[in-house]
Amino acid sequence: MTTQQQARTQLQAILDTHRHEAGALLPILHALQDTLGHIPDWSVADIAQALNLSRAEVHGVITFYHHFRTSPPAAHNLQICQAEACQARGSRELTAHAEQALGCGLHGRSGSHDLDLQPVYCLGLCATGPNIMLDDKLVSRVDAARLDRLLNSVKES
Ligand code: FES
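Conventions and cut-offs
- Residues numbered from 1 in each chain as written.
- Predicted model: local features only at pLDDT ≥ 70, side-chain atom pairs only at ≥ 80, totals over all residues.
- Heavy atoms only, no water.
- UniProt positions renumbered as here; feature names shortened; annotations may be inferred.
- 1 Å grid on protein atoms, 1.4 Å probe; cavity = no way out; pocket = protein on both sides within 12 Å on 5 of 7 lines; lining within 4 Å.
- Points joined across faces, edges and corners; volume = space filled by probe spheres on them.
- Nonpolar A, V, L, I, M, F, W, Y, C, P; charged D, E, K, R; others polar.
- Pairing = 2+ DSSP bridges.
- Helix = DSSP H or I, 4+ residues; strand = E, 2+ residues; numbered from the N terminus.
- Phe/Tyr/Trp six-rings, centres within 6.5 Å; stacked < 30°, edge-to-face > 60°.
- Buried < 20%, exposed > 50% of the residue type's maximum accessible area, 1.4 Å probe, protein only.
- Domains from an automatic or database assignment.
- Axes fitted to C-alpha atoms, helices over the stretch in contact; angles between N-to-C directions.
- Left-handed = near helix turned anticlockwise from the far one by under 90°.
- Contact = heavy atoms within 4.5 Å.

Looking at an unreviewed UniProt entry, one finds the protein chain named Formate dehydrogenase subunit gamma and attributed to Vogesella amnigena. Regarding the protein chain, the UniProt comment filed under Cofactor (unreviewed entry) reads as follows: "[2Fe-2S] cluster". Per UniProt, the protein chain has the following entry under Sequence similarities (unreviewed entry): "Belongs to the complex I 24 kDa subunit family."

In structure tokens, the structure reads:
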């Protein structure tokens with residue numbers, strides 16, 4: 001079975017699980033992205049048909065939420081907390097530094113680091129901000145110098 005055939009089989013299982021729920025579109029999109037890493041273009045027609053929606057309606061929801069990706073993720077993911085407590089501790093300045101170092105804005109992709117830069121709204125450690133999540137590692141009290149060291153380690157990996 002090819003990779004796309006496997007992905008279609010996984011989509012079908014997700015549709016079978018959720019299609020009869022009220023408000024099924026969002027759970028389906030979340031489950032598909034959790035499974036495949038993104039929402040492939042080819043899946044829009046299948047989802048629309050299963051839910052009796054137009055492709056434009058499905059596409060509109062996918063593009064409305066920044067959370068959903070329509071292409072595979074980069075090798076690395078950096079989330080910087082943008083919520084109030086981290087903002088009070090310098091996350092805006094840290095974000096600006098990250099954008100400059102990576103050459104992309106929030107919701108963008110850094111080609112130099114093969115990394116997606118994302119905002120996140122609270123990581124649950126508000127007293128020790130600014131906080132970031134780099135891949136699956138939560139790091140607190142991050143300043144520009146510490147972020148640079150972390151980004152260098154990503155670039156060398
Ligand atoms: S506000 Fe950043 S971790 Fe809660």
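The space that makes up the largest pocket amounts to roughly 300 Å³. Around the largest pocket, the lining residues are Gln33, Asp34, Gly37, His66, His67, Arg69, Asn77, Gln79, His107, Gln118, Pro119 and Tyr121. Taken together, the residues that form the lining of the largest pocket break down as 2 nonpolar, 8 polar and 2 charged.

Here the focus is the pairing of strand β1 (residues 76-81). Examined bridge by bridge, β1 and strand β3 (residues 115-120) share 6 bridges and lie parallel to one another. Pairing of Leu78 across the sheet is with Leu117, part of β3. Both β1 and strand β4 (residues 132-134) contribute to a ladder of 3 bridges, which runs antiparallel. Counterpart to Ile80 in the pairing with β4 is Ile132.

Under the counting rule described, the total for this entry stands at 2 aromatic pairs. On the numbers, 4.9 Å between centres and 90° between planes, the contact of Phe64 with Tyr65 is edge-to-face. Relative to Phe68, the ring of Tyr65 lies with its centre 6.0 Å away and its plane at 90°, an arrangement referred to as edge-to-face. A relative accessible area of 7% places Phe68 in the buried class. Chaining the aromatic ring pairs together yields one cluster made of Phe64, Tyr65 and Phe68.

As a further point, take the side chain of Gln118. Tracing the sequence through the fold places Gln118 in strand β3. The class for Gln118 is buried, based on a relative accessible area of 17%.

Each assigned domain of the protein chain is listed here: domain 1 (3-64) and domain 2 (76-156). The distance between the C-alpha centroids of domain 1 and domain 2 comes to 30 Å.

The mixed open sheet is built from 5 strands, whose spatial order is β2-β3-β1-β4-β5. Every other strand in the sheet has two partners, leaving β2 (108-110) and β5 (137-139) as the edge strands with one partner each. Taking each pair of neighbouring strands and ignoring which way they run, the sheet shows an average axis angle of 25°. One ladder, built from 3 bridges, connects β2 with β3; its direction is antiparallel. If you follow Ser110 over to β3, its bridge partner there is Leu115.

What follows deals with the packing of helix α6 (residues 91-102) against helix α7 (residues 144-156). At their nearest, the axes of α6 and α7 sit 10 Å apart, and the two run at 35° to each other. Judged by the twist between their axes, the crossing of α6 over α7 is right-handed. In this structure, α6 uses Leu94, His97, Ala98, Ala101 and Leu102 to contact α7, whose residues at the interface are Ala144, Leu147, Asp148 and Leu151. By residue class, the composition of the contact of α6 with α7 is 7 nonpolar, 1 polar and 1 charged.

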